[in-house]
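If you want the building blocks of each chain, they are given just below.
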Amino acid sequence: MHDPRDRQLGMHRKITRRDFMNGVAITAGAAMMPWRLIAGDSSATDKSPNYYPPALTGMRGSHPGAFDVAHSLRDGTFWDSAGKPEDTGETYDLIVVGGGISGLAAAHFYRKAVGEKARILILENHDDFGGHAKRNEFRAGNKTLIGYGGTYSIESPEPYSAISKGVIEELGVDVPSFPKYLKRDLYSAGRVPKIFFDKENFGADKLIDDPYPFPGGETFDLAAAGPNAWDHFLAEAPIAEQARKDFARLCQEKKDYLPELKPDEKEERLSRISYAKFLTELAGQHPDVLRLYQTISQPLFGVGIEAIAAADAAETGYPGFLGMGMQPEGLENERKFFFHFPDGNATIARLLVRKLVPSAMPGNSATDIVTAKADYSKLDNASSPVRIRLNSTAVRVRHIGDVTTAKEVEVSYSRGGKLYTARGKNTILACWHVVIPYICEDLPVKQREALHSAQKIPLVYTNVVLHNSTSFQKLGANSIYAPSGYHTHVDVDLPVSIGDYRCPSTPEDPVVLHMSKAPCQAGLSAREQNTIGRMELYTTTFETIERNIREQLSRTLGSGGFDPARDIVAITVNRWPHGYAYEYSSLWDQEILASAEKPCEIARKRFGRIAIANSDAGAHAYTDEAINQAWRAVGELTKS
Ligand SMILES: Cc1cc2nc3c(=O)[nH]c(=O)nc-3n(C[C@H](O)[C@H](O)[C@H](O)COP(=O)(O)OP(=O)(O)OC[C@H]3O[C@@H](n4cnc5c(N)ncnc54)[C@H](O)[C@@H]3O)c2cc1C
């Protein structure tokens, strides 16, 4: 390591992150054998007792080796060297492609519909189950820390359906009990939300009280602005004086910026202009307010405020709508039905796995699950009616014989560089829409086109474990919005103690920092931004991300005594090139929203013995949607 800055940042330090080159683990042959990528034991396979993917650090989410097969299918090169599949001789009542919450819920519903003896195989290309609902575990000293690598919480802008609510209840999660698990010790000592302005974009590195923290779920009362936040912001924020005053006006005054319009006309107008335009053209905000707020929307929408509709901003609770008569209903719903487990909704996935393969998940409650250690070696056991086969990418799904009369579907999948087949009476594709046309070539052309047209929103959820959070304490910070940061949002993980798990309670305790980033490029359509962001994610090395993390934290927290070379224990970057399901936007998809049948509805049609689940099928990036779509797909196969 020759770069002195790299030394200061601690790029040479041994921390819990594996060493990566261009996003791929350096372990010999690792890219060919993702199923061998086990922390501390590179020879463990997913049948071995040492196999425990939640403890892996480094590049997670869509980890190296998970997507090569799917990409070679997309590129038309897979079958050139695939060889002849080996028939496993296995037959099932149902084969599910995709081990995310939708696939796991589909297996659950299927058993309820046809009985617990139904034989089910779930194929998942990643080394862990849960899909976006991903658990990250860390060791810091003698303590295990748990973080969420994807899905953060039970929440939704829409009320949960009776079906999805029913599943949550059946799994034993008592959603209204959440406040009793939320520990406020760390927050009672004056930690408040902050904004970090950087020198390159705002002329000075400055950490200022955030006077209008982003509202969200139950965290809102913890994340309330500090008592002198407006004074601090108005006096110190490194933006034009007029911009500071404008922003205060925007957040506080009850003004109707479209007084001449009736409520429905107002709604219509706001659904067709961007929030950025609303701010400048209707609310008369100084251009610096746009620089301040450009990336506020990225974690939720995957794009900046120039690409989201003003109506969506109003619904989300962004400032400017107090006098517009538009209630943020979504926010109210989220607050009413909210639960955050330390690993996010990975707990929902784990509870589903406990129902499907009880021997793989010890315990019997939705609180003891938090520290339960999954036994991955039991997931794919011939004696169990349900088998979950990880590291297995489905590459071809086709009826045996004509679709109208076929009695079985053959599913071919690639695992450890070899090709296998299994048969199922029914199949549910609970994988991403964009993948389906490549693995199910017999689908009608119109349906394939609709599947192809789906988009996914790329995201990065990074967890950084620190020896302690004393720098946050010294700076009085609990969360930091960085308008032009590499990661735009940095939060001390929501403190939740549940079951045997204890979150940090003093600043001296080790802590998980959650950092999020949505790669995108302002100025393009939302879909184009998503595509470019996805490419960026696939080509950015872990080393680059680590350097950015260290640099950002060093500059943000340095005045609080933070030393990146000394204080960082572990880094896990959960990369999600195919993140949120794309939700149709009134700004970009007016035609689709007005159409009698939306692409997601055409795309999800049942085809013979094949049904389609996944949150893409509802174009809604929430856990409840993944469950609702699983229920619909199972109903299509079992009710005829
Ligand atoms: C970073 C992030 C944060 C989120 N936060 C929240 C939140 O706080 N609350 C909320 O309600 N929702 C949240 N969501 C959305 C929510 O996670 C999803 O809607 C839901 O988990 C999707 O579940 P799914 O099973 O439909 O899809 P996925 O979780 O994507 O699962 C599908 C699985 O299929 C696999 N697959 C694809 N192709 C194949 C193949 N050929 N063979 C085998 N397997 C295949 C995929 O790799 C994936 O693991 C978040 C999403 C992301 C990305």
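What you see is a predicted model; the values in this text were computed from it and never measured. (Residues numbered from 1 in each chain as written. Predicted model: local features only at pLDDT ≥ 70, side-chain atom pairs only at ≥ 80, totals over all residues. Heavy atoms only, no water.)

1. Observations regarding the pattern of salt bridges
Then comes step 1: Summed over the entire model, instances satisfying the criterion amount to 37 salt bridges.
Then comes step 2: Between Asp616 and Lys456 there is a salt bridge whose closest N-O contact spans 2.8 Å. Of this pair, Asp616 sits in the loop between strand E19 (610-612) and helix H24 (623-638) while Lys456 sits in strand E14 (residues 456-466), and the two are 160 residues apart along the sequence. Residues Asp616 and Lys456 agree in their burial class; the two are buried.
Then comes step 3: Across the salt bridge formed by Glu597 and Lys605, the nearest N and O atoms sit 2.6 Å from each other.
Then comes step 4: A cluster of three or more residues bridged by salt bridges with shared partners is formed by Lys47, Glu90, Asp380, Arg387 and Arg389. (Salt bridge = Lys/Arg side-chain N within 4 Å of Asp/Glu carboxyl O. Helix = DSSP H or I, 4+ residues; strand = E, 2+ residues; numbered from the N terminus. Buried < 20%, exposed > 50% of the residue type's maximum accessible area, 1.4 Å probe, protein only.)

2. Remarks on the site of the ligand
Then comes step 1: The ligand sits among 35 residues. The nearest are Ser102, Asn125, Thr151, Trp432 and Thr623.
Then comes step 2: Within the backbone of Ile101, a nitrogen or oxygen atom sits 3.2 Å from an oxygen atom of the ligand.
Then comes step 3: The contact in question runs from an oxygen atom of the ligand to an N or O atom on the side chain of His126, over 3.0 Å.
Then comes step 4: Here the ligand, which alone exposes 1000 Å², has 98% of that area covered by the protein.
Then comes step 5: Those elements giving two or more residues to the shell around the ligand turn out to be helix H3 (101-114), strand E11 (392-399), E14, strand E18 (568-581) and H24.
Then comes step 6: Broken down by class, the residue content of the shell around the ligand amounts to 16 nonpolar, 17 polar and two charged. (Near = heavy atom within 4 Å. Polar contact = N/O pair within 3.5 Å; in protein donor to acceptor, adjacent residues only side chain to side chain. Areas by Shrake-Rupley, 256 points an atom, 1.4 Å probe, with all protein chains shown as cover. Nonpolar A, V, L, I, M, F, W, Y, C, P; charged D, E, K, R; others polar.)

3. Here we look at the confidence of the model for the protein chain
Then comes step 1: Predicted confidence across the protein chain gives a mean pLDDT of 92, with 92% of residues reaching 70 or more.
Then comes step 2: Throughout residues 19-43 the model reports pLDDT below 50, and contacts reaching past four residues in sequence, or to other chains, amount to 51 contacts. (pLDDT = per-residue confidence, 0-100. Contact = heavy atoms within 4.5 Å.)

4. Quick notes on a negative patch on the surface
Then comes step 1: On the surface, a cluster of negative charge is made up of Glu158, Glu260, Asp264, Glu265, Glu267, Glu315 and Glu583.
Then comes step 2: A total of three residues in the negative patch trace back to one element, the largest contributor, which is helix H9 (residues 263-272).
Then comes step 3: Relative to the elements of secondary structure, Asp264 occurs in helix H9. (Patch = residues over 30% accessible without salt bridge, like charges linked within 9 Å, V, L, I, M, F, W, Y side chains within 5 Å. Lys, Arg positive; Asp, Glu negative; His and termini not counted. Charge placed at Lys NZ, Arg CZ, Asp CG, Glu CD.)

5. Focus: the environment of Thr572
Then comes step 1: Along the polypeptide, Thr572 turns up in strand E18.
Then comes step 2: Classification of Thr572 by relative accessible area gives buried; the value is 0%.
Then comes step 3: Each C-alpha atom of the pair Thr572 and Arg291 lies 29 Å from the other, and the pair is 281 residues apart in sequence.
Then comes step 4: Setting aside anything within four residues of it in sequence, one finds Thr572 in contact with Leu56, Thr57, Gly58, Arg60, Asn136, Phe138, Tyr461, Thr462 and Asn463.

6. Considering empty space enclosed by the protein
Then comes step 1: All told, the structure shown has five cavities of 30 Å³ or more when counted by the stated rule.
Then comes step 2: The space that makes up the largest cavity amounts to roughly 90 Å³.
Then comes step 3: Forming the boundary of the largest cavity are Leu145, Ile146, His340, Pro342, Asp493, Leu494, Pro495, Val496, Tyr501, Cys503, Pro504 and Val512.
Then comes step 4: For the lining of the largest cavity, the residue count by class is 10 nonpolar, one polar and one charged.
Then comes step 5: The space that makes up the second largest cavity amounts to roughly 60 Å³.
Then comes step 6: In terms of lining, the second largest cavity is formed by Asp46, Lys47, Tyr376, Ser377, Leu379, Asp380, Ile388, Arg389, Leu390 and Arg415. (1 Å grid on protein atoms, 1.4 Å probe; cavity = no way out; pocket = protein on both sides within 12 Å on 5 of 7 lines; lining within 4 Å. Points joined across faces, edges and corners; volume = space filled by probe spheres on them.)

7. Comments concerning the nonpolar core
Most often, soluble globular proteins have nonpolar side chains that are buried together.
Then comes step 1: The biggest cluster of nonpolar side chains holds 81 residues, and the ones touching the most others in it are Ile120, Ile122, Ile154, Val173, Phe339 and Ile428.
Then comes step 2: Considering every element that reaches this core, the biggest residue donor is H3, with seven residues.
Then comes step 3: Ignoring anything within four residues of it in the chain, the contact list for Val173 reads Ile154, Ile168, Phe339, Phe341, Ile348, Leu351 and Ala366.
Then comes step 4: Among the nonpolar cores identified, the runner-up in size contains 46 residues, and Ala314, Tyr318, Tyr481 and Tyr582 belong to it. (Core = buried A, V, L, I, M, F, W, Y, C linked by side-chain atoms within 4.5 Å.)

8. Considerations on the side chain of Asn345
Then comes step 1: Residue placement: Asn345 occurs in the loop between helix H14 (329-336) and helix H15 (346-356).
Then comes step 2: For Asn345, the side chain forms a polar contact with the main-chain nitrogen of Ile154, separated by 3.2 Å.
Then comes step 3: If sequence neighbours within four positions are ignored, Asn345 has contacts with Ile101, Ala133, Thr151, Tyr152, Ser153, Ile154, Phe339 and Thr623.

9. Quick look at helix H10 (residues 275-282)
Then comes step 1: Turning to H10, its buried residues number three or more, namely Tyr275, Ala276, Phe278, Leu279 and Leu282.
Then comes step 2: Where the residues of H10 are buried, they touch helix H8 (241-252), H9, helix H11 (287-293) and helix H13 (310-316).
Then comes step 3: Gly284 sits one or two positions beyond H10 and adopts a positive phi of about 60°.

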